[in-house]
Amino acid sequence: MNHLECSLTGERFPADRAWNLSPAGRPLLARYDLRPDTMPRVRIRDREPNLWRYREVLPPCEPLTLGEGLTPLHWTPRLGPRWYVKDEGVNPSASFKARGMAVAVAVARHLGLRKLAAPSAGNAAGALAAYAAKAGLEAFVFMPADTPRAFVVECRNHGARVELVDGLITDCGAIVAARKEAEGWFDVSTLKEPYRLEGKKTMAYELVEDLGRVPDAIVYPTGGGTGLIGMWKAFAEMEALGWIGPERPKMISVQAEGCAPMARAFGRGERFAKEFPNARTVASGLRVPKAVGDFLILDAVRSSEGTARTVTDDAMIAAAKEMSRLTGVFACPEGGATLACARDLAEEGFLKPDDLVVLFNTGSGVKYLEALA
Ligand SMILES: *Cc1c(COP(=O)(O)O)cnc(C)c1O
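All values reported here derive from a predicted model rather than from experimental measurement.

**Side note on the site of the ligand**
Residues in close proximity to the ligand total 16 residues, the closest being Lys97, Tyr220, Gly223, Gly225 and Thr362. Taking Tyr220, its side chain carries an N or O atom lying 2.5 Å from an oxygen atom of the ligand. One nitrogen or oxygen atom from the main chain of Gly223 is found 2.7 Å from an oxygen atom belonging to the ligand. If the ligand stood free it would expose 380 Å²; the protein chains cover 97% of that surface. The set of elements that each furnish at least two residues to the shell around the ligand consists of strand 10 (217-221) and helix 7 (226-240). Within the shell around the ligand, the residues separate by chemical class into four nonpolar, nine polar and three charged.

See the structure below:
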């Protein structure tokens, strides 16, 4: 790894200390020196079955692992002839937030940080609590009071300090921002430190390893957008590494009708997304009314000739049940949103019958019993 770079201005920063946002108030991205001999696919074939197998494209640190990554990519012809479900629900802490937190907590430990804090809709808190427990660090998590109970119990059992906030994730984020200096916390909010994105980008490396090519389309349930931005970055890295050519999947962002800042900005042709008022959805991972990486999400969607859509909560719950029934994957509402969206796009002809489509089930249904029962 070479340096960190402001995603808006391109300004560079040394990576040997802890950073949050750039001076421009935008995410910092990790940049590496990448050539075809940096990480040949044959060299990593027999490496450990977790995301640290991609160590050449991860920040330097002692790996911290609970077995995250290398999740199954299921061919699901009962959903669509060439449709696949990437099941992120089998990660430690039962969601893909494990990927991001494994790397962010590992780097934090490497830099000597002891107290990590984050606002969360649920899964990020659970993952932070788990990796902090493994690393022997302290975790402080802030969640909306109506977050599904499983997340609260999970965090407390991992020894995290939990505060329930009467408000949304943005209100939780404001509390972390206001108190972090006095409390000595390092803020590991989505995209407000550079390394959760590095962990999540490994999903794209796995797709190319599993499929031997890039898919035609990726349908991604978008909250803060870390996974979508991370995968988009990873495809560019894989091109530099000689894994793939200039081809890219259509990046399709799906949000809930009740909280759709990206879909709205995409529809209006805006580069940045305004805060979405009265955010409401049962998919707690999608209840993110304002995202600091908004322009990165919108850039990826547009340059890939993808799209940004919404589905209703009813449609996503029905589709989560259908995914569970037709594939054996216990889908979360966010995973259901990808199926509902892909169905709409296939009907419109945006997705073609022979397209290779990857749906992301980003977490396990087991955390959302209230919504799914
Ligand atoms: C956090 C979360 C999302 C949104 O992920 P981002 O990468 O932040 O957009 C989607 N689904 C689930 C289950 C989540 O926990």
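**Here we look at the pairing of strand 13 (residues 357-361)**
Regular strands place their side chains on alternate faces of the sheet. The element strand 13 is extensively covered by neighbouring structure, given that five of its five residues are classed as buried. Two elements, strand 5 (residues 83-87) and strand 13, share five bridges in a ladder whose sense is parallel. When the bridges of strand 13 are listed, Tyr84 appears paired with Val358. Direction of pairing for strand 10 relative to strand 13: parallel, over a ladder of three bridges. Paired with Ile218 across the strands is Val358, a residue of strand 13.

**Quick look at the nonpolar core**
In this structure, Leu128, Tyr205, Met231, Phe235, Met238, Trp243 and Leu359 are the most contacted members of the largest nonpolar core, which totals 119 residues. Apart from residues lying up to four places away in sequence, Met231 is in contact with Lys201, Met203, Ala204, Ile218, Tyr220, Met251 and Phe360. Among the nonpolar cores identified, the runner-up in size contains seven residues, and Phe140, Phe142, Val165 and Val176 belong to it.

Cut-off values and rules
Residues numbered from 1 in each chain as written. Predicted model: local features only at pLDDT ≥ 70, side-chain atom pairs only at ≥ 80, totals over all residues. Heavy atoms only, no water. Near = heavy atom within 4 Å. Polar contact = N/O pair within 3.5 Å; in protein donor to acceptor, adjacent residues only side chain to side chain. Areas by Shrake-Rupley, 256 points an atom, 1.4 Å probe, with all protein chains shown as cover. Helix = DSSP H or I, 4+ residues; strand = E, 2+ residues; numbered from the N terminus. Nonpolar A, V, L, I, M, F, W, Y, C, P; charged D, E, K, R; others polar. Buried < 20%, exposed > 50% of the residue type's maximum accessible area, 1.4 Å probe, protein only. Pairing = 2+ DSSP bridges. Core = buried A, V, L, I, M, F, W, Y, C linked by side-chain atoms within 4.5 Å. Contact = heavy atoms within 4.5 Å.

Such coordinate-based values are descriptive only and should not be taken to indicate function.
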